[in-house]
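The chain contents come next:
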Amino acid sequence: MIFGQRATGDRQRDVDVSTLLPEKDLANVMTPRLVTPLDEVQWHGASESRRVMGPGSESYWSRSRLAISGPRGIPFEVPRGFQLVATWDGVVSAVTDDTFVARISPLDGLGAEEEAEFLIDDVPQEDRRLLRPGALLYWFLGYETMLGRHRRTSELKIRRVTVVSEMAEAWADSISAIILDESESAPTEG
Amino acid sequence: MTDPSTASAEQPIVGTSIVLVGSFNPAIIHPSWFARFEILPPSDLEAVDTPDLAAIVTPEFARFAISWLRVQVTVDHFELSTLEPDRVPLLRDAGVNIFRLLSHTPISAMGINRTAHYPLKSGQWSTLPSTLAPASAWAPVADAASLVSLTVQVDRADDGDPGFIRITAEPSQRFAGGLFVAVNDHHDLESANLHKEAAPAVDILGSGWSKAIAAHDRYTKFLIGLAGGK
């Protein structure tokens, strides 16, 4: 369990995110904790103190399919429902060996900024090299329904911010030239 | 045990897209370019190798898709779209990153668009036409008139940007008796973009994104409320 590390004031209390969500199925879910003054937190929207983003205080769902391998390696697809409950964005303020601290706020702007500490292990491997003070992140909380199982999900994404350079456009030009060459040299029908 | 397809069948389906109008070079919209400049993470792009998601890149047309993002480009349109609710912010980031890199791309207009299918209780859709376009108004010329599609245009008064917001309401084709809402947040960049570059579009994606998403939610909630839903 990771705890937030907001540093000031006696009126602050630890807020375990899991207590703000109605479902208690915590299996396979990381559970970072936010530390924030309770009187500054504006949990709003639907009942059960659940922050809900989306029209009519309902949540967004998407429908996608997950391809998996069945018996004898035969692939099949299962429908997956995903319900987004909350999105935060934030800025990394400190990185240690195993954890990092970020200042985060609800993406819809309807809540207080908070500070939270996360496990580096919860960042996708390919994003970890982007993890440094000043890095931008998103934190998504939601529910996934698949094969009859409803579980809470939590995902951290370190945002990719491109560095503009002459090289980028040069690279684009070179790819374009290759495609054009291939197109012009392709046999034509007729 | 709950059938997951049933469990999710009653939930809204929401799509989000960025559509740019201008002059584009589809031949560069290749997954390798996205990988080279880290617009998308490598694990996302691995899926492009699967047959269903294979990239098509020609001088006139480019298309590829990954698990959450669809990219389609012609010489005058560039579209990025997602159906995944937890990827909407990443869609914005992708748009910003692409046109930061391709900063000299002439862009004349941009739409931040949302489409959504909402299930409604039986009979609720019928309350919308009676409010927005009552059949009685057509009584002098038609015995039976029904609303198939309604588009309303509103000014973007809060930011003063050239353009408009169009809200379309129709019966959903995905949910029987449900509501389909499309919101086109259109930005006309021609007049304010003397150098015809990508910067104004990038600026709007950066600063106006949340407002556009919130506006969609507001209009949709209004329509659902008119229909007696919640």
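This text follows the structure it describes.
All of the points below concern the structure found in this document. (Residues numbered from 1 in each chain as written. Chains lettered and ligands numbered in written order. Predicted model: local features only at pLDDT ≥ 70, side-chain atom pairs only at ≥ 80, totals over all residues. Heavy atoms only, no water.)

## Details of the overall build of chain A
The secondary structure content of chain A amounts to one helix and eight strands. When the helices and strands of chain A are placed in sequence order, the string is β-β-β-β-β-β-β-β-α. The burial tally for chain A puts 46% of its 190 residues in the buried class. The contacts in chain A between residues at least 6 apart in sequence include a share of 55% that link residues at least 24 apart. (Helix = DSSP H or I, 4+ residues; strand = E, 2+ residues; numbered from the N terminus. Buried < 20%, exposed > 50% of the residue type's maximum accessible area, 1.4 Å probe, protein only. Contact = heavy atoms within 4.5 Å.)

## A few points about the pattern of salt bridges
Pairing is possible between side chains of opposite charge, provided their charged atoms come close. Residues and elements named next belong to chain A. Counted under the stated rule, the structure contains 11 salt bridges over all chains. Across the salt bridge formed by E113 and R103, the nearest N and O atoms sit 2.6 Å from each other. Linking E113 in the loop between β5 (99-106) and β6 (114-119) with R103 in strand β5, this pair joins segments that are 10 residues apart in sequence. Judged by its relative accessible area of 41%, E113 falls in the partly exposed class. (Salt bridge = Lys/Arg side-chain N within 4 Å of Asp/Glu carboxyl O.)

## Examining the nonpolar core
The biggest cluster of nonpolar side chains holds 47 residues, and the ones touching the most others in it are F34, F78 and F99 of chain B. Each residue touching F99 of chain B, except ones within four places of it in the same chain, is listed here: L20, F24, F78, T105, I107, A198 and V202 of chain B. (Core = buried A, V, L, I, M, F, W, Y, C linked by side-chain atoms within 4.5 Å.)

## Things to note about helix α7 (residues 209-226) of chain B
Along its 18 residues, α7 of chain B runs 26 Å from first to last C-alpha, staying within 8% of the 26 Å computed at 1.5 Å per residue. Among the residues trailing α7 of chain B, G228 of chain B stands out with phi positive, at a value near 85°. (Expected span 1.5 Å × (residues − 1).)

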